[in-house]
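Each chain is listed here by its residues.
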Amino acid sequence: MSINLKMNQPARLSLMLLVAAALVNTALALEQRFAIQPMSQTAIVGTRVTLPCRVENKRGTLQWTKDSFALGANRNLSSYPRYSMIGSDEEGDYSLDINNVSLEDDAEFECQVGAGAGMPAIRSRKAKLTVLVPPDPPEILQGRVLTTTEDREIELECVSRGGKPAAEITWLDGQGNVITSGIETVVEPLPGDKRVTAKSILKLIPKKEHHGQNLTCQAQNTADRNHRSARLRLDVKFAPKVSVKVTHPVDRKIAEGDEVKLSCTAEANPTDGLNYRWYINDEPVSGEHTTELLITNATRAMHDTIVKCEVKNVVGKSEESETLDITYGPRFKDRPKNVQAESGAQVTLSCDVDSNPPAIISWLHGETSKVIANSNNLSLTVSTRTAGRYICVANTNGFTVLTAEAQVYLKGPPDIISRLTQYGSVGENVRLECVVFSVPRPDRVAWSRNNRELHAALDPEVSISEEMLPEGIKSTLVIRGAQSAHFGAYNCTATNGYGTDVAEINLRVQDGLKNLEIIFYGALAAVVLVLLVACICFCRCKRSPKNLHHPTPTVLVDMPEKSGKLSDRSSNDSDLKVDIRTSSSLSNVHEDTSDRWEDRSDVPTPRLTNGGDTIYRYSADYTEPTLPLKSDGANNNGYVPFVDYSREYNPPVAPPRNNYIDPQYSATYGNRFARAAPHTALPTPAGMTSPPGRVSSPPLQPPPPAYSATVGRNGSIAVPLTQSRMSSSNSLHIMQPGGPVGGAAKRGNTLATHV
């Protein structure tokens, strides 16, 4: 029995537990409880919201509270017209319905069931109803238009009131871009209300770019995502914004000598009363100031010049500048200079050239014309091989090549280069010249005769003068009223630190008859040359039948002061130009040729015309020297003047015969264009007359075509070829072969013609 009792205890315990569970379930099934409890919600003013509440086994009275204040037990909640409890008792649904939500509904709600039938009272969790209110439209306190000044900070305030929550304010610029910097936001609650006021303050430094722009303030919150906006237009007063540019030349490539126009434009607010002023290198330009500046002649000195335009209004002034870029040809800033040095010394030749664009510099060796350097400076070690002439060549694209030369001299003893036979006349003043080439210059040049040095103080009939030359010195011994005893041998002695040179100069009596013979034969040779040229012209015309109908050629002839000086532009004929050497030209001096490379860049660079062919007039090549007779008998080489026999000499003229043309007019005969033609003579162009004071030579027999002298280009006169030859009455002066052209032998004899 005891064993069975022990075995039944677990079963008895399980049974008891089952009975207890059944009793609990029964109790729970009869207890009142919430099947659904209200939850916190958000609602926008004017909308409808429902707070749910469902109860099972309801035994007590059910009511809703708002912020712990009971709303009532009836479903219609008559004290609150917008409130009601919806649902049915059978379902136990007592949800609170709020219609047309207002801000006063923003509170905590609770569903409560009182005790009943032995059941305790129950309460739901609290549900927060948040009411959202859209903000009022924003307003910019500064108005719709704000006038301000550039670079002065301003504050713009945008206000949006009555929002719940506070409005979000955004600023937009004139392009619709959001402004993110310089913004401060302030939120202020409305008194006695759950709504707030939002303020956004924009701090801005206005610029010219802001002028006329609309700044936009937008406001919105979660109650209404459709933003509302307000706009303000900025009227920014600003100083002129200046722009300067070259308007002429159109391509803005300015050449030396061009006319240059610059334009100044200004953008400003206000635009009334704008004042313009121009400056060149900060120096004010005088005269009336407008929006344009005219420079009539752009010079090389104006290259890199800063032209500035200043514009002023009531706000302030602004300026802008333009740097002129002027192209011009090369010109020497510092010409190459001759240098003297001893053997082995290092020397440098400099060639400083100003041009734009920069010139390309080359150095040529004068004797070989080979390029030896391509830089501004040429360094040499002086020796007998490197001494000599060097040429600097400056080449600027589009301009004439500029050249200059310099000599490198090797220091050494002097060298007398005068002619060793010189002439004079008895009774006249006689000059003996001793020209010395010497690097360095001689310390002393002395004259002596018969082993006695001549001094002006001791010999009253003589005087000695010296003239410095680029490469030495010229000493002149003047014998006043020379007598026969004064003719003979003289010694000239030159001395420098490197040695001495002595030359014996013979003074001889001048032979006038011999000079006359030279002139005669020279004139005869000139006549033969003219005849030869005429024959060549005739033969060429015979070979060209197509030229028979061409108009008779004319020659453009300059009209110098001396009549008979004509210039022939024909390629088949040329004027005979004979150099009449004055006595000073008989000195054979090593000339400094640096002046031959004349720098003419200060003259406006000539522009090529006629397709690039430079117009050249040969008539300006030669001007016949004036040869007056001197009564004092002085000349540059001790020569005594004599009568100009060439002026008195006229070759005999053969008497005219029928069908015979004088040989001196054979150019007319040989030129088929100068013969009489069957066609009518060319008329004189309208408005063209012969120059006043000019008388044409009479026509030959047979007469040439009836040409009229007409004015050609450059003021020259067009006359027939025959007239050109006939009207020439110049005497012919011939230098003896081997005369003073180029260098002279130290012991050679020379005869010159003097007038």
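Residues numbered from 1 in each chain as written. Predicted model: local features only at pLDDT ≥ 70, side-chain atom pairs only at ≥ 80, totals over all residues. Heavy atoms only, no water.

(A) The overall build of the protein, seen in detail. When helices and strands are tallied, the protein shows five helices and 47 strands. In the protein, which comprises 755 residues, the share counted as buried stands at 39%. Split by element, the accessible area of the protein, about 42,400 Å² in all, is 52% carbon and sulfur. (Helix = DSSP H or I, 4+ residues; strand = E, 2+ residues; numbered from the N terminus. Buried < 20%, exposed > 50% of the residue type's maximum accessible area, 1.4 Å probe, protein only. Areas by Shrake-Rupley, 256 points an atom, 1.4 Å probe, with all protein chains shown as cover.)

(B) Layout of the state of the cysteines. One pass over the structure, following the stated rule, counts five disulfides. Residue Cys-53 pairs covalently with Cys-111 via a disulfide, S to S 2.0 Å. Residues Cys-53 and Cys-111 share a disulfide whose torsion about the S-S bond is about -70 degrees; that sign makes it left-handed. Highlighted residues: Cys-53 in the loop between β3 (49–51) and β4 (54–56) and Cys-111 in strand β9 (residues 107–113), separated in sequence by 58 residues. Neither Cys-53 nor Cys-111 differs from the other in exposure class; each is buried. (Disulfide = S-S within 2.5 Å.)

(C) Examining the packing of aromatic side chains more closely. With the rule as written, the count across this model stands at four aromatic pairs. Ring geometry for Tyr-83 against Phe-109: centres 6.2 Å apart, planes inclined by 70 degrees, an arrangement best described as edge-to-face. Of this pair, Tyr-83 sits in strand β7 (residues 83–86) while Phe-109 sits in strand β9, and the two are 26 residues apart along the sequence. The class for Tyr-83 is buried, based on a relative accessible area of 3%. We note Lys-308 situated over the ring of Tyr-279; from NZ or CZ to the ring centre the distance is 4.9 Å. (Phe/Tyr/Trp six-rings, centres within 6.5 Å; stacked < 30°, edge-to-face > 60°. Lys NZ or Arg CZ within 6 Å of the ring centre and 35° of its normal.)

(D) Fine view of the sheet that holds strand β38 (residues 430–437). Read across the sheet, four strands follow the order β36-β38-β42-β41 without closing on themselves; strand pairing throughout is antiparallel. Edge positions in the sheet fall to β36 (415–416) and β41 (462–469), since each has one partner strand and no second. Bridge count between β38 and strand β42 (residues 472–479): eight bridges; the pairing is antiparallel. Bridge assignment links Val-436 to a residue of β42, and that residue is Ile-473. (Pairing = 2+ DSSP bridges.)

(E) Fine view of the pairing of strand β17 (residues 196–204). Counted residue by residue, β17 has seven buried out of nine residues, so it is predominantly covered. Pairing geometry for strand β14 (residues 154–163) and β17, over eight bridges, is antiparallel. Each bridged residue has a counterpart across the sheet, and for Ser-160 the counterpart in β17 is Ala-198. Bridge analysis of strand β16 (residues 183–189) against β17 gives seven bridges, and the strand direction is antiparallel. In the strand pairing of β17, Ile-183 is matched with Leu-202.

(F) Focus on the pairing of strand β34 (residues 388–395). Within β34, six of the eight residues are buried, which leaves it mostly tucked inside the rest of the structure. Summarising the sheet, strand β31 (residues 360–365) and β34 pair through six bridges and their orientation is antiparallel. Bridge pairing links Trp-363 to Cys-392 in β34. Inspection of the sheet shows β34 paired to strand β35 (residues 402–410) by seven bridges, in the antiparallel sense. By the bridge assignment, Cys-392 is partnered in β35 with Ala-404. Between the antiparallel neighbours β34 and β35 lie six residues, among them Gly-398 with a positive phi of about 90 degrees.

(G) Region of interest: a nonpolar patch on the surface. Among the surface-exposed residues, Phe-520, Tyr-521, Leu-524 and Val-528 lie close enough to one another that they form a single nonpolar patch of about 400 Å² accessible area. Residue placement: Val-528 occurs in helix α2 (residues 512–542). (Patch = residues over 30% accessible without salt bridge, like charges linked within 9 Å, V, L, I, M, F, W, Y side chains within 5 Å. Salt bridge = Lys/Arg side-chain N within 4 Å of Asp/Glu carboxyl O.)

(H) Broad picture of the nonpolar core. Judged by nonpolar contacts, the single largest core of 23 residues is most densely connected at Leu-62, Trp-64, Leu-96, Ile-98 and Phe-109. If you list the elements that add at least two residues to this core, you get β3, β5 (62–66), β7, β8 (95–98), β9 and β11 (127–132). For this core, the element with the highest residue contribution is β9, accounting for four residues. The residues touching Ile-98, leaving out its near neighbours within four places in the chain, are Thr-47, Arg-48, Val-49, Arg-82, Tyr-83, Asp-105, Phe-109 and Leu-129. (Core = buried A, V, L, I, M, F, W, Y, C linked by side-chain atoms within 4.5 Å. Contact = heavy atoms within 4.5 Å.)

(I) Focus on the sheet that holds strand β28 (residues 339–341). Spatially, β28-β35-β34-β31-β32 is the arrangement adopted by the five strands of the open sheet, whose pairing is mixed. Edge positions in the sheet fall to β28 and β32 (371–373), since each has one partner strand and no second. The sheet shows a mean angle of 30 degrees between the axes of neighbouring strands, direction not considered. (Axes fitted to C-alpha atoms, helices over the stretch in contact; angles between N-to-C directions.)

(J) Representation of the side chain of Asn-221 in the model. Tracing the chain through its elements places Asn-221 in strand β18 (residues 214–221). Taking the relative accessible area as the measure of exposure, Asn-221 reaches 1% and is therefore buried. A distance of 2.9 Å separates the side chain of Asn-221 from the backbone oxygen of Val-133, its partner in a polar contact. A polar contact is formed between the side chain of Asn-221 and the backbone oxygen of Pro-165, at a distance of 2.9 Å. Those residues in contact with Asn-221 that lie beyond four places of it in its chain are Val-133, Pro-134, Pro-135, Gly-163, Lys-164, Pro-165, Ala-166 and Ala-167. (Polar contact = N/O pair within 3.5 Å; in protein donor to acceptor, adjacent residues only side chain to side chain.)

(K) Layout of the pattern of salt bridges. Under the criterion given, the structure shown has 32 salt bridges. A salt bridge links Asp-193 to Arg-195; its shortest N-O distance comes to 2.9 Å. Owing to a relative accessible area of 27%, Asp-193 belongs among the partly exposed residues under this scheme. A relative accessible area of 25% means that Arg-195 is categorised as partly exposed. Taken together, the salt bridges that share partners define one network made up of Lys-66, Arg-82, Glu-104 and Asp-105.

(L) Main features of the confidence of the model for the protein. Of all residues in the protein, 68% have pLDDT values of 70 or greater, and the mean over the chain is 76. Low pLDDT (under 50) marks residues 1–7, which in the prediction has one contact with non-local residues, meaning those over four places away or in another chain. The low-confidence segment residues 545–755 (pLDDT under 50) makes 328 contacts with residues lying over four places distant or belonging to another chain. (pLDDT = per-residue confidence, 0-100.)

(M) Unusual backbone geometry, seen in detail. The omega angle of the peptide bond from His-248 to Pro-249 is 5 degrees, so this bond is cis rather than trans. Summarising the element assignment, Pro-249 is placed in the loop between β19 (224–248) and β20 (254–255). Backbone geometry at Arg-252 places phi at a positive 65 degrees, although glycine is not the residue there. By the secondary structure assignment, Arg-252 is in the loop between β19 and β20.

(N) View of the environment of Val-439. As for its position among the elements, Val-439 is in the loop between β38 and β39 (444–449). With relative accessibility at 4%, the residue Val-439 sits in the buried group. Separated by 24 residues in the primary sequence, Val-439 and Asp-415 have C-alpha atoms spaced 9.3 Å apart. Once residues lying within four places of it in the same chain are set aside, the contact partners of Val-439 are Gln-340, Tyr-409, Leu-410, Lys-411, Gly-412 and Asn-496.

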